[in-house]
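Each chain is listed here by its residues.
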Amino acid sequence: DPACGSGHFLLAAFTRLFRLWQKREPAPNPPALAQKALGAVHGVDLNPFAVEISRFRLVIAALEASGVTRLRDALDFRIQVAAGDSLLHGSRPRDVGGVQAGLYEDRLQFFYETEDAEEVKRILSQAYHAVVGNPPYINVSDPVLREAYRDRFSTCHGKYQLGVPFTERFFDLTVYSDDPKKEPAGWMGMIVSNAFMKRTFGKKLIENYLRHKDLTHVIDTSGVYLPGHGTPTTILFGRNQQPVAGTVR
């Protein structure tokens, strides 16, 4: 999750993976299985406080899964969650007419002290079988940062919201396949504001980018009443490959 916040999706992923490891390796060694599950869960967020909360929650979940009830008995679990800007750091696949053609890295050399530079670059320079998250819905108020994102992501158009470059970034981080019969493509799922479907800043994202991706589902939840949550949202599901059908459900 490249916009993991306090770790809601990461915790759900850990729980599912731990249960799957228990089925695959029924021999009783919960701490080892907990570390295997943690090893497959990665997250990045710009807010260092949110990152610390995510790490803490994952540690507690791993301790609970391992049957450890006291912190002094805790194992040295490796948590792969880092503070940094997912839109600026790490390599990106080069996209040529909708086909990914190798990796390149356009480095922005500056890191804040609050960012975990090396870990962020490592996490954001590899591909994953599943990428899920709920990126920010806001516009970028800092003009320098707004143009830096625009230079890096071709879909940033007009007064774009952050959901636009994050849509590209989610696909970037998902395993790409140019031949699904040989290697299955990874899965992408994200919750975004539905403003990109109704306003002009979403034009490039829809017409120039998403039409080259296997977008499988567009779930408009704007009519669903969610207490305490007023932004009309949409859930996008897709696979990082060329479209396999002429319609999107």
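Residues numbered from 1 in each chain as written. Predicted model: local features only at pLDDT ≥ 70, side-chain atom pairs only at ≥ 80, totals over all residues. Heavy atoms only, no water.

(A) Geometry of the overall build of the protein. The helix and strand tally for the protein stands at 7 helices and 8 strands. If you line up the protein on its principal axes, its C-alpha atoms span 55 × 45 × 45 Å. Taking all 249 residues of the protein together, 43% fall into the buried category. Long-range contacts, defined here as pairs at least 24 residues apart, represent 71% of the contacts in the protein between residues at least 6 apart. Carbon and sulfur atoms form 57% of the exposed surface of the protein, whose accessible area is close to 13,800 Å². (Helix = DSSP H or I, 4+ residues; strand = E, 2+ residues; numbered from the N terminus. Buried < 20%, exposed > 50% of the residue type's maximum accessible area, 1.4 Å probe, protein only. Contact = heavy atoms within 4.5 Å. Areas by Shrake-Rupley, 256 points an atom, 1.4 Å probe, with all protein chains shown as cover.)

(B) Main features of helix 6 (residues 163-172). With respect to burial, helix 6 is a largely interior element, 10 of its 10 residues being buried. Taken together, the buried positions of helix 6 are occupied by Gly 163, Val 164, Pro 165, Phe 166, Thr 167, Glu 168, Arg 169, Phe 170, Phe 171 and Asp 172.

(C) Region of the structure containing the nonpolar core. Judged by nonpolar contacts, the single largest core of 32 residues is most densely connected at Tyr 149, Tyr 160, Phe 166, Met 190, Phe 196, Leu 210 and Leu 236. Looking at this core, the elements with two or more residues in it are helix 4 (117-123), helix 6, strand 6 (187-193) and helix 7 (203-209). It is helix 6 that contributes the most residues to this core, 4 residues altogether. Beyond its immediate chain neighbours, meaning those up to four positions away, Met 190 contacts Gly 133, Pro 135, Gly 163, Phe 166, Thr 167, Phe 170, Thr 234, Ile 235 and Leu 236. Core analysis: the next-biggest nonpolar cluster, separate from the first, contains 20 residues, Phe 18, Ala 61, Ala 62 and Phe 77 among them. (Core = buried A, V, L, I, M, F, W, Y, C linked by side-chain atoms within 4.5 Å.)

(D) Here's a closer look at a nonpolar patch on the surface. Among the surface-exposed residues, Met 197, Ile 206, Val 218 and Val 248 lie close enough to one another that they form a single nonpolar patch of about 280 Å² accessible area. Topologically, Ile 206 is positioned in helix 7. Judged by relative accessible area, which is 36%, Ile 206 ranks as partly exposed. (Patch = residues over 30% accessible without salt bridge, like charges linked within 9 Å, V, L, I, M, F, W, Y side chains within 5 Å. Salt bridge = Lys/Arg side-chain N within 4 Å of Asp/Glu carboxyl O.)

(E) Fine view of the sheet that holds strand 7 (residues 214-220). Strand order across the open sheet formed by 4 strands is 5-6-8-7, with mixed pairing between neighbours. Every other strand in the sheet has two partners, leaving strand 5 (130-133) and strand 7 as the edge strands with one partner each. For this sheet the average axis-to-axis angle between neighbouring strands, irrespective of direction, equals 15°. Here strand 7 pairs with strand 8 (residues 233-239) via 6 bridges, running antiparallel. When the bridges of strand 8 are listed, Asp 214 appears paired with Arg 239. Each of strand 5, strand 6 and strand 8 touches helix 6; the most contacted strand, strand 6, lies at about 170° to it. (Pairing = 2+ DSSP bridges. Axes fitted to C-alpha atoms, helices over the stretch in contact; angles between N-to-C directions.)

(F) Layout of the packing of helix 1 (residues 8-24) against helix 3 (residues 48-66). The N-to-C vectors of helix 1 and helix 3 enclose an angle of 20°; their axes lie 10 Å apart at closest approach. Between helix 1 and helix 3, the angle falls in the class roughly parallel. The handedness of the crossing between helix 1 and helix 3 comes out as right-handed. Seen from helix 1, the contacting residues are His 8, Leu 10, Leu 11, Phe 14 and Phe 18; seen from helix 3, they are Ser 54, Arg 57, Leu 58, Ala 61, Ala 62 and Ala 65. For the contact of helix 1 with helix 3, a count of residues per class yields 8 nonpolar, 2 polar and 1 charged. (Parallel < 35°, antiparallel > 145°, perpendicular 65-115°, else oblique. Left-handed = near helix turned anticlockwise from the far one by under 90°. Nonpolar A, V, L, I, M, F, W, Y, C, P; charged D, E, K, R; others polar.)

(G) View of the environment of Arg 169. Counting through the fold element by element, Arg 169 comes out in helix 6. Dropping the residues within four chain positions of it, Arg 169 is found in contact with Ser 86, Leu 87, His 89, Gly 90, Ser 91, Arg 92, Leu 124, Arg 152 and Phe 153. Reaching out from Arg 169, the side chain makes a polar contact with the backbone oxygen of Leu 124 at a distance of 3.4 Å. (Polar contact = N/O pair within 3.5 Å; in protein donor to acceptor, adjacent residues only side chain to side chain.)

(H) Looking closely at the side chain of Ser 86. Its location among the elements puts Ser 86 in the loop between strand 2 (80-83) and strand 3 (92-96). Assessed through its relative accessible area of 2%, Ser 86 is described here as buried. Here Pro 2 takes part through its backbone oxygen, which lies 2.6 Å from a polar atom of the side chain of Ser 86. Apart from residues no more than four positions distant in its own chain, Ser 86 is found in contact with Pro 2, Val 44, Leu 124, Arg 152, Phe 166 and Arg 169.

(I) Highlighting the layout of surface pockets. Quantified by volume, the largest pocket comes out at close to 810 Å³. Lining the largest pocket we find 28 residues, and of these Ala 13, Leu 17, Ala 130, Val 131 and Val 132 sit closest to its centre. Only helix 1, strand 1 (42-45), strand 5, strand 6 and strand 8 provide two or more residues apiece to the lining of the largest pocket. Among the elements that line the lining of the largest pocket, the one with the most residues is helix 1, at 7 residues. Of the residues belonging to the lining of the largest pocket, the class tally is 22 nonpolar, 4 polar and 2 charged. Computed from the structure, the second largest pocket encloses a volume of approximately 420 Å³. Looking at the second largest pocket, it is lined by 27 residues, and the ones nearest its centre are Ala 3, Asp 45, Asn 134, Pro 136 and Phe 166. (1 Å grid on protein atoms, 1.4 Å probe; cavity = no way out; pocket = protein on both sides within 12 Å on 5 of 7 lines; lining within 4 Å. Points joined across faces, edges and corners; volume = space filled by probe spheres on them.)

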